[in-house]
Amino acid sequence: MSTPGPSSEQAAHQGAGPSADEQPPPPPSAVERANRMSAVNMIRSLLPLVVICLLAVGWIAFRQGDPDPVRPIDPTNAVQLAAARAGYAVQVPSELPDGYRPTSVRTDAGDAVDGAPVTLEIGYVTPSTEFAGYVTSDDPDADPLTAVLDGAQADGSVQLAGEEWTRATSGRGETVLSREEDGVTLLVTGSAPDEELQTVAAAVAPVAAR
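What counts and how
Residues numbered from 1 in each chain as written. Predicted model: local features only at pLDDT ≥ 70, side-chain atom pairs only at ≥ 80, totals over all residues. Heavy atoms only, no water. Helix = DSSP H or I, 4+ residues; strand = E, 2+ residues; numbered from the N terminus. Buried < 20%, exposed > 50% of the residue type's maximum accessible area, 1.4 Å probe, protein only. Contact = heavy atoms within 4.5 Å. Pairing = 2+ DSSP bridges. Axes fitted to C-alpha atoms, helices over the stretch in contact; angles between N-to-C directions. Salt bridge = Lys/Arg side-chain N within 4 Å of Asp/Glu carboxyl O. Arc of directions from axis to C-beta. Core = buried A, V, L, I, M, F, W, Y, C linked by side-chain atoms within 4.5 Å.

Visitor: Is there a simple way to explain the side chain of serine 178 in this structure?
Guide: By the secondary structure assignment, serine 178 is in strand E7 (residues 175-181). We classify serine 178 as buried; its relative accessible area is 14%. In contact with serine 178, not counting residues within four places along its chain, are Leu149, Trp165, Thr166, Leu186 and Leu187.

Visitor: Where do I start with the sheet that holds strand E5 (residues 153-160) in this structure?
Guide: Whether parallel or antiparallel, the strands of a sheet pair through hydrogen bonds between backbone atoms. A sheet is described by the order of its strands in space; here 7 strands give the open sequence E2-E3-E4-E8-E7-E6-E5, paired in antiparallel fashion. Each end of this open sheet is capped by a strand with a single partner; those strands are strand E2 (101-107) and E5. Recorded for the sheet is a direction-independent mean angle of 20° between the axes of neighbouring strands.

Visitor: In this structure, what is going on with the pattern of salt bridges? I would like to understand it.
Guide: If charged atoms from side chains of opposite charge come close, those side chains can pair. Inspection of every chain in the model, using the stated rule, returns 5 salt bridges. With its nearest N and O atoms 3.2 Å apart, the salt bridge here joins glutamate 121 to arginine 106. Highlighted residues: glutamate 121 in strand E3 (residues 119-125) and arginine 106 in strand E2, separated in sequence by 15 residues. Of the residues examined, arginine 106 reaches a relative accessible area of 55% and is grouped as exposed.

Visitor: Looking at this structure, how should I read the environment of leucine 160?
Guide: Positionally, leucine 160 belongs in strand E5. In this structure the C-alpha to C-alpha distance between leucine 160 and valine 204, which are 44 residues apart in sequence, comes to 9.7 Å. In this structure, leucine 160 is in contact with Trp165, Leu177, Gln198, Ala201 and Ala202, ignoring residues within four places of it in sequence.

Visitor: Looking at this structure, how should I read the pairing of strand E4 (residues 131-137)?
Guide: Across a regular strand the side chains alternate sides, sitting on one face of the sheet and then on the other. Where burial is concerned, most of E4 is hidden: 6 out of the 7 residues are buried. Sheet topology places E3 next to E4; 7 bridges connect them, and they run antiparallel. In the sheet register, isoleucine 122 faces E4, and the bridge partner there is tyrosine 134. Two successive antiparallel strands, E3 and E4, enclose a turn made up of 5 residues, where threonine 129 displays a positive phi of approximately 60°. Bridge count for E4 against strand E8 (residues 184-189) is 5 bridges, and the pairing is antiparallel. When the sheet's bridge partners are listed, serine 137 is paired in E8 with threonine 185.

Visitor: Would you mind going over helix H5 (residues 194-202) with me for this structure?
Guide: Side chains that are three or four residues apart share a direction in an α-helix, a result of its 3.6 residues per turn. Turning to H5, its buried residues number three or more, namely Glu196, Leu197, Val200 and Ala201. Summarising the axial view, the buried residues of H5 lie within an arc of 140°, below the 170-degree limit, and thus occupy one face.

Visitor: Looking at this structure, how should I read helix H3 (residues 76-85)?
Guide: If you check which residues of H3 are buried, you get Ala78, Val79 and Ala82. The buried residues of H3 occupy an angular sector of 100° when projected down its axis, which confines them to one face. Facing away from the buried surface of H3 by more than 90 degrees, the exposed residues are Asn77 and Ala84. Packing partners of the buried residues in H3 comprise strand E1 (91-93), E2 and E3.

Visitor: Quick question: what am I supposed to make of the nonpolar core here?
Guide: Judged by nonpolar contacts, the single largest core of 31 residues is most densely connected at Val92, Trp165, Leu177 and Val188. At the level of elements, H3, E3, E4, E5, E8 and H5 are the ones that each hand at least two residues to this core. Valine 92 has contacts with Val79, Leu120, Ile122, Tyr134, Ala203, Val204, Ala205 and Val207, leaving out every residue within four places of it along the chain. In this structure, Ala142, Leu145, Val148 and Leu187 belong to the second largest nonpolar core, which totals 7 residues.

Visitor: Help me understand the environment of threonine 185, please; the structure alone is not making it clear to me.
Guide: As for its placement among the helices and strands, threonine 185 is situated in strand E8. Between the alpha carbons of threonine 185 and proline 140 there is a distance of 7.3 Å; along the sequence they are 45 residues apart. Sequence-distant contacts of threonine 185, that is, excluding residues within four places in its chain, are made with Val135, Thr136, Ser137, Leu145, Leu149, Arg179 and Glu180.

Here you go:
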């Protein structure tokens, strides 16, 4: 009587085992492990630098996103210089309401010799964030005056703080308020609405002596 062979269940179990050709993967070499550790260490070392760079970029973006880019200046020194060198009593807008901020000033008084004409310009940003420029000069041919008045169309006059100002429209379509006093021209113009330009003109007063 022959010995019975393995049952079908045993055969199936034996067939499910690993074959002689299959081998487990070899463990990583020391070089591979060292490379992996180096990469991890590099990432860890760079992380603080990345965080610092992101913070710096965020801070710059915050500063550039300042909702109010206007940088007011103090025109006092230029005004005092013009008042000291001019052969006339210099007048400028003073005690303007809040919202009128001087952003530029220019005068040729620094190069003026005794008796030479003196021109003073001051630029303002108004409450409506528009521009109002003021010019005073005893030189009728001064560029800041001729650039505005040449070609301007007269449009009546207006009384401001007891003074009569001639109203005109410049070639750029902007309102011009001007008046002459003892050979000196005073002028207010800009992109600001008439009400704001009139506020600047009404505030013109002699510079206080120092």
